[in-house]
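Residue-level structure breakdown
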Protein chains: 2
Amino acid sequence: MKKVSEPTIGRLSVYLRLLMELAEADVDTVSSEELASRSGTTAAQVRKDLSLFGTFGKRGLGYSVPELVTRLRAILGLEKAWRVALVGAGRIGAALFGYENFRRQGFNIEAVFDTDPTKVGQRWNGLVVEADAGMERVLEERGIEIAVVAVPARAAQGVVDRLVAAGIRGILNFAPTQLDVPAGVVVKTVDMALEMEGLSYALSREEREPGAA
Amino acid sequence: MKKVSEPTIGRLSVYLRLLMELAEADVDTVSSEELASRSGTTAAQVRKDLSLFGTFGKRGLGYSVPELVTRLRAILGLEKAWRVALVGAGRIGAALFGYENFRRQGFNIEAVFDTDPTKVGQRWNGLVVEADAGMERVLEERGIEIAVVAVPARAAQGVVDRLVAAGIRGILNFAPTQLDVPAGVVVKTVDMALEMEGLSYALSREEREPGAA
DNA sequence: AACTGTGAAAACTTTCACAGCC
DNA sequence: GGCTGTGAAAGTTTTCACAGTT
């Protein structure tokens with residue numbers, strides 16, 4: 001298989017979301033042009049992205065919505081349910097825990113950890129917040145595959161080292177810090193402050209040089 | 001000025017964060033190599049990124065930490081305090097409201113809106129959650145410049161249209177949906193489900209073809 | 001006629017490599 | 001000697017444009 005870029009994978013996720021909406025509305029065929037306009041890209045880009053994984057469309061017709069949903073779910077590894085642990089039961093952790101879009105795509109949070117003794121023992125919608133100290137054992141017992149790290153920046157690398165040692169190979173990181181992990185472990189960082197600074201840059205540039213995008 | 005790419009701006013934010021840590025630790029000089037290794041990029045990339053905005057370093061020596069902090073803050077538009085409104089007082093809104101890194105970089109949340117009558121009137125750390133209906137007036141009265149949209153996907157476009165009509169030109173969007181805005185309005189979307197699907201893709205690919213990055 | 005799949009071209013981003021300065 | 005600033009080269013991603021299929 002050819003090499004597939006990060007932005008391509010992001011767009012595939014977007015297409016999948018749109019396709020699921022279309023399927024919901026009983027639309028059964030869609031063109032690359034339609035997918036493009038709904039996802040803010042171009043028809044050629046949609047076709048190129050999909051063509052990296054096979055030929056799913058019918059010339060003259062477009063793509064079958066149900067088929068493409070199935071294909072994209074397979075490509076993105078969303079046919080199985082992933083077992084997820086949440087490390088850090090603060091506000092960001094709570095937000096994620098309640099985030100419906102996670103569950104819907106098959107990401108099941110099956111353990112929550114925190115160091116704070118006042119949080120340990122709390123019931124979160126049927127799950128009990130567990131002490132950080134027993135994390136490794138619980139991860140193994142429950143076959144957790146993905147961890148969401150929602151702890152303060154200074155604690156993040158330590159947590160990640162323990163997760164990696166416990167065999168976790170996928171990490172979604174909310175701590176605004178660079179994380180070092182060995183090859184074979186995948187980290188995605190969600191950095192809200194960084195996006196906000198991107199806005200700040202764009203807005204102040206518009207003030208300085210009106211007309212710039 | 002030359003055109004500056006999105007990834008460059010993201011890296012500048014990362015450099016700034018590192019530089020502030022270095023300044024905290026009273027380090028006064030740093031090389032591109034050092035910045036690069038701490039931010040997961042290359043020395044050439046650091047120098048190229050900075051050189052787009054001026055010549056800040058000293059050959060043979062490196063960069064002055066305090067000077068570079070000042071310069072980057074100016075470049076990113078972080079010298080002023082931005083007035084921010086939060087639309088949606090759910091869990092994601094609450095997480096953002098308490099997020100220290102926002103406040104620290106000068107993003108001050110000065111209004112919170114929600115449609116839910118049980119939320120309206122709640123005190124959030126000194127701020128009162130206000131009814132969505134009065135949003136436009138409050139935005140204007142308080143001179144709000146940036147809005148954070150943390151409402152359900154189906155409500156997001158409607159909210160954004162109202163924000164744009166009220167003169168907001170910068171939006172940080174947490175709703176997993178494509179938003180249409182006129183030219184001159186900047187939207188950054190934080191999409192956690194999308195990042196999670198990126199992890200799913202990477203992990204299931206490793207299972208299928210071991211050894212792939 | 002409508003629309004996909006895809007090589008080739010264009011645009012963009014990163015890396016290299018070295019001259020120039022401290 | 002150490003390190004920056006930067007043109008030129010390499011690599012990557014997007015767009016174009018059209019042959020091919022239904």
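A brief structural summary. The structure presented is a predicted model; accordingly, all values stated were derived computationally and were not measured.

Take chain A, turn it by 180°, move it 0.0 Å along the axis, and it overlays chain B with an RMSD of 0.0 Å. Here the transformation between the copies is reduced to the relation of a two-fold axis. Closest approach to the rotation axis among the C-alpha atoms of chain A is made by Ala95 of chain A, whose C-alpha sits 3.3 Å away. When the interface residues of chain A are mapped onto chain B, 100% of them are again interface residues, pointing to one common binding face.

For DNA strand D, the set of nearby residues contains 23 residues, the closest of which are Ser32, Arg47, Gly57, Arg59 and Tyr63 of chain B. Among all atoms of DNA strand D positioned within 4 Å of the protein, those belonging to sugar or phosphate total 57%. The separation between a base nitrogen of DNA strand D and a polar side-chain atom of Arg47 of chain B is 2.8 Å. In this structure, Tyr63 of chain B approaches DNA strand D through a side-chain N or O atom, which is 2.8 Å from a phosphate oxygen. Mapped onto the surface near DNA strand D, the elements with two or more residues apiece are α3 (43-51) of chain A together with α3 (43-51), β2 (57-58) and β3 (62-64) of chain B. Tallying contributions element by element places α3 of chain A first for the surface near DNA strand D, with 4 residues.

About the thresholds
Residues numbered from 1 in each chain as written. Chains lettered and ligands numbered in written order. Predicted model: local features only at pLDDT ≥ 70, side-chain atom pairs only at ≥ 80, totals over all residues. Heavy atoms only, no water. Least-squares fit on C-alpha atoms with pLDDT ≥ 70 in both. Contact = heavy atoms within 4.5 Å. Near = heavy atom within 4 Å. Polar contact = N/O pair within 3.5 Å; in protein donor to acceptor, adjacent residues only side chain to side chain. Helix = DSSP H or I, 4+ residues; strand = E, 2+ residues; numbered from the N terminus.

Geometry only, nothing functional implied.
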